[in-house]
Amino acid sequence: MNSQTNLSRRAALKAAGAGLIVAGVGAGGLVFGHNNAWAAKAENLDADTFATLVQMSRDIYSHDRLEDKYYAAAVSGLDKAAKDDAALKALLSDGVAGLNKAAGGAYSGLSDADQRMALLKAMEGDGFFQKVRGNLVTGLYNNKEVWPLFGYEGASADKGGYIDRGFNDINWL
Amino acid sequence: MATFDMNDDNVVVVVGSGAGGGTLGAELAIKGVKTVILEAGGRHETEDFQNDEWGSFGQISWLDKRTTSGSWRVAKDFAGLPAWIVKAVGGSTTHWAGASLRFQEHEWKAKTTYGDVAGASLLDWPIDMAEMDPWYAKAEDRMGVTRTNGIPGLPGNNKYKVLEAGARKLGYKEVHTGRMAINSEPRDDRAACLQIGFCFQGCKSGAKWSTLVAEIPKGETTGNLEVRPNAQVLKIEHDDSGKVTGVLYADKDGKQHLQKARVVCVAGNSIESPRLLLNSASSKYPDGLANSSGMVGKNYMRHMTGSVYAVYDKPVNMYRGTTMAGIIQDESRHDPSRGFVGGYEMETLSLGLPFMAAFLDPGGWGKDFSWWMDNYENMAGMWLVGEDMPQEKNAITLHATEKDQHGLPVPNVHFDDHDNDIKMREHAFGQGEAVYKAAGAVKTFRTPPYPSTHNLGTNRMNAEAKDGVVNKHGQTHDIGNLFVSDGSQFTTGAAENPTLTIVALALRQADFIAGEMSKGNL
Ligand SMILES: Cc1cc2nc3c(=O)[nH]c(=O)nc-3n(C[C@H](O)[C@H](O)[C@H](O)COP(=O)(O)OP(=O)(O)OC[C@H]3O[C@@H](n4cnc5c(N)ncnc54)[C@H](O)[C@@H]3O)c2cc1C
Ligand code: SF4
């Protein structure tokens, strides 16, 4: 994996077009996105494993409206859980190693999005895949910061409910 | 609020404070009967509720270990969570949506009406509509059900308007904002609905009826009711004559206590109630209490369920306002020409973004799934709920090896869909999609059943002791001072959401128990 954080702009755009989001990993467990759009720190997993999980997460539930940092935040949750859970740590490390092997190189550098999806599809029954996917159900969609991006307004009791805020404002029927 | 001594053997002990137990305990107290409700969960009042789906789930759900088996899809999608039930004072009425429908006349006579259905253990109830009408009337008044007692319906919110538009185009006639135990105007010292939209997370305005906010406080003010939270009943004790004498329970530190009792009423919902009877096996009752018929735990029903979600090209914002905001009742009739017996209801439903991710298509991922989530704002949803067939093999049993935190066998929940359930679900999915398409849906999706919210039938009521656990008063056939007071009494499930019937039966049972006590029979 490339450990330079400043890829050329052209390379970055090309990668973005293919849905690739990891630019590289640095010292001390740092993981970087293209154009420094996001950065995260792997506390317990190794940086390459972390980076691959971020790419994989984006591929599992890809949303144009979501910045990459939200996927990194979800993976940080897994990374934290791996602290006192050797079995989880092994599941993730071995899983990523297996994915890279199947990819014939670094999964997170595979620019053909269809090829990445096919690799994931082939392993969707595995415990590793299910762990990463299951983590996103809450790690991604239960992140309060993403709710407004999907038009979900969250708690409403503190605002007096929707009785005066559009509970029946539909106007296109 | 009263407190009673552990050795007071004059009290009625009710196990569980939900729809059945909370109502029964309060009504007994109102009638002057000294009553102790033992509730496994904690007491969380209205101000403690959270407008947060997972936060609330962690706060009040029953999360003790359970296992699953059978061909139902829930066993695959949610192997450790067969049912969505609350462990808190108020039971699942803190979570419930509030839809309050009476059974139809023929549904009390399922066996007679539907005839022999292969593989189904249908029976007629030992009670009928004429018997239950006054109790329904009383329950509707207590619960403040809209469209009864002159209470106006709730205003239609966005997702209701979508449902209604589609339903009218299809020619459905019985379409309205439901009979809901939610205040459309202030009543019974509780406020009107503010369309907050977190009905499943415990209503923060108090508009929604629950035993926590409506019944239990009424019972407590009489001085005859003690509600003891964090008291999980492990075993029911009996004497040599076979009469029950009290219950053994664990407090929040796991310490065990024996509460004596004159009468014991079990209302732990349809998984825990039979489990408690089975776990109370003794040398006198080796197969568990009240189980001479062998029917304790059998005939587990969960309603035929499924959901349809639809995406439109403009916003619906379905999460704004009452969760179950409207109903289509035309398909609830019994009409075998559709290819199945019994009927189903179509009710609006919304989930917040976090629950949508978990329940829309459990296990789903990739572009299609992401497309649905991307269209969350433009989505409308409905829940399909219909009568499922009782089958003896669908059962709650004690797990052979797995134990809970108190060292007791955990319950296994076995369920196979009956062929009739499958045909009804297919029909309901088709009609649900048709409704949404008629209103202009871009795309529709068939969501498989959620963990069971309507758990029924595992201590079924029958006139004859040989194939029923309780008689028409919910009194066990085998032990005169042992009662079942929740949805596990149901002989058959009917198409309607069950809680109004559970409450009506509990009010009726309170009347019976108080009467028998004053006659010296109990
Ligand atoms: C999300 C959701 C929405 C729903 N919406 C509707 C609706 O719109 N309309 C409708 O009719 N129904 C609805 N229901 C179903 C309704 O909540 C139940 O049918 C009803 O509450 C069941 O009543 P019950 O008395 O059998 O059990 P519960 O209300 O579940 O009460 C059982 C209580 O017993 C306690 N308990 C269990 N075991 C023990 C023990 N060993 N010791 C002490 N305590 C114990 C539990 O902690 C619980 O508090 C809904 C349910 C859910 C989850
Ligand atoms: S929508 Fe109404 S009933 Fe539901 S939680 Fe809000 S105020 Fe309560």
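Cut-off values and rules
- Residues numbered from 1 in each chain as written.
- Chains lettered and ligands numbered in written order.
- Predicted model: local features only at pLDDT ≥ 70, side-chain atom pairs only at ≥ 80, totals over all residues.
- Heavy atoms only, no water.
- Near = heavy atom within 4 Å.
- Polar contact = N/O pair within 3.5 Å; in protein donor to acceptor, adjacent residues only side chain to side chain.
- Areas by Shrake-Rupley, 256 points an atom, 1.4 Å probe, with all protein chains shown as cover.
- Helix = DSSP H or I, 4+ residues; strand = E, 2+ residues; numbered from the N terminus.
- Pairing = 2+ DSSP bridges.
- Axes fitted to C-alpha atoms, helices over the stretch in contact; angles between N-to-C directions.
- Domains from an automatic or database assignment.
- Contact = heavy atoms within 4.5 Å.
- Buried area = accessible area lost by both parts, 1.4 Å probe.
- Salt bridge = Lys/Arg side-chain N within 4 Å of Asp/Glu carboxyl O.
- Core = buried A, V, L, I, M, F, W, Y, C linked by side-chain atoms within 4.5 Å.
- Buried < 20%, exposed > 50% of the residue type's maximum accessible area, 1.4 Å probe, protein only.

Caption draft 1: Region of the structure containing the site of ligand 1. Residues and elements named next belong to chain B. Among the 40 residues in the neighbourhood of ligand 1, the closest are listed as Gly20, Glu39, Ser92, Asn269 and Thr499. Within the side chain of Glu39, one N or O atom sits 2.6 Å away from an oxygen atom of ligand 1. Contacts to ligand 1 include Gly98, whose backbone N or O atom sits 3.1 Å from an oxygen atom. Coverage of ligand 1 by the protein chains reaches 98% of its 1000 Å² of free accessible surface. Listing elements by their share of the shell around ligand 1, those giving two or more residues are helix 1 (19-30), strand 6 (232-238), helix 8 (269-279) and helix 12 (499-518).

Caption draft 2: Summary view of the sheet that holds strand 9 (residues 263-266) of chain B. Residue and element names in this part refer to chain B. In space, the 5 strands of this open sheet follow the order 5-2-1-9-17, with parallel pairing throughout. Each edge of the sheet is formed by a strand with only one pairing partner; in this case those strands are strand 5 (225-228) and strand 17 (482-484). The sheet shows a mean angle of 20 degrees between the axes of neighbouring strands, direction not considered. In terms of strand pairing, strand 2 (residues 35-38) meets strand 5 through 4 bridges, oriented parallel. The residue bridging Ile37 from the neighbouring strand is Val227, located in strand 5.

Caption draft 3: Inspection of the sheet that holds strand 8 (residues 256-260) of chain B at higher detail. All names here are of chain B. Across the sheet, 3 strands lie side by side as 6-7-8; this open sheet has antiparallel pairing. If you trace the sheet from one side to the other, it starts and ends with strand 6 and strand 8, each paired once. If you compare each strand with its neighbour and ignore which way they point, the axes differ by 25 degrees on average.

Caption draft 4: Quick look at the domain arrangement of chain A. Residue and element names in this part refer to chain A. We note that the domain assignment places domain 1 (9-142) and domain 2 (144-173) within chain A. Inter-centroid distance (C-alpha atoms) of domain 1 to domain 2 is 32 Å. With 7 residues of domain 1 at the contact, the number on the domain 2 side is 6 residues. Counting the surface lost from both domain 1 and domain 2, the interface buries some 660 Å², and carbon and sulfur atoms represent 63% of this. It is Arg65, Tyr70 and Asn142 that lose the most area in domain 1 upon contact with domain 2, and together they represent 60% of the buried surface on that side. In this structure, the connection of domain 1 to domain 2 is made through 0 salt bridges.

Caption draft 5: Summary view of the nonpolar core. Among the nonpolar cores identified, the biggest contains 127 residues, and A:Met56, A:Leu120, B:Tyr309, B:Tyr312 and B:Tyr436 are the most heavily contacted of them. In terms of residue count, helix 2 (residues 47-60) of chain A provides more of this core than any other element does, 7 residues in total. The residue makeup of this core includes at least three contributed by each of domain 1 (9-142) and domain 2 (144-173) of chain A. Counting 55 residues, the second largest nonpolar core, distinct from the first, contains B:Ala214, B:Ala231, B:Val247 and B:Val469.

Caption draft 6: Main features of unusual backbone geometry. All names here are of chain B. For Ala290, which is not a glycine, the phi torsion comes out positive at approximately 60 degrees. Mapped onto the elements of the fold, Ala290 is located in the loop between helix 8 and strand 10 (304-311). By relative accessible area, which is 2% here, Ala290 ends up buried. Its identity is not glycine, yet Ala494 carries a phi of approximately 60 degrees, on the positive side.

Caption draft 7: Representation of the environment of A:Phe32. Residues and elements named next belong to chain A. Mapped onto the fold, Phe32 is located in strand 2 (residues 30-33). When its relative accessible area of 16% is taken as the criterion, Phe32 is described as buried. Residues Phe32 and Leu99, spaced 67 residues apart in sequence, show a C-alpha to C-alpha distance of 20 Å.

Caption draft 8: Region of the structure containing the interface of chain B and chain A. With 42 residues of chain B in contact, the opposing surface of chain A contributes 38 residues. At the boundary of chain B and chain A, one finds 4 salt bridges. A:Asp169 is the salt-bridge partner of B:Arg320, the closest N and O atoms lying 2.9 Å from each other. One can count 24 residue pairs in polar contact (both at pLDDT 80 or more) joining chain B with chain A.

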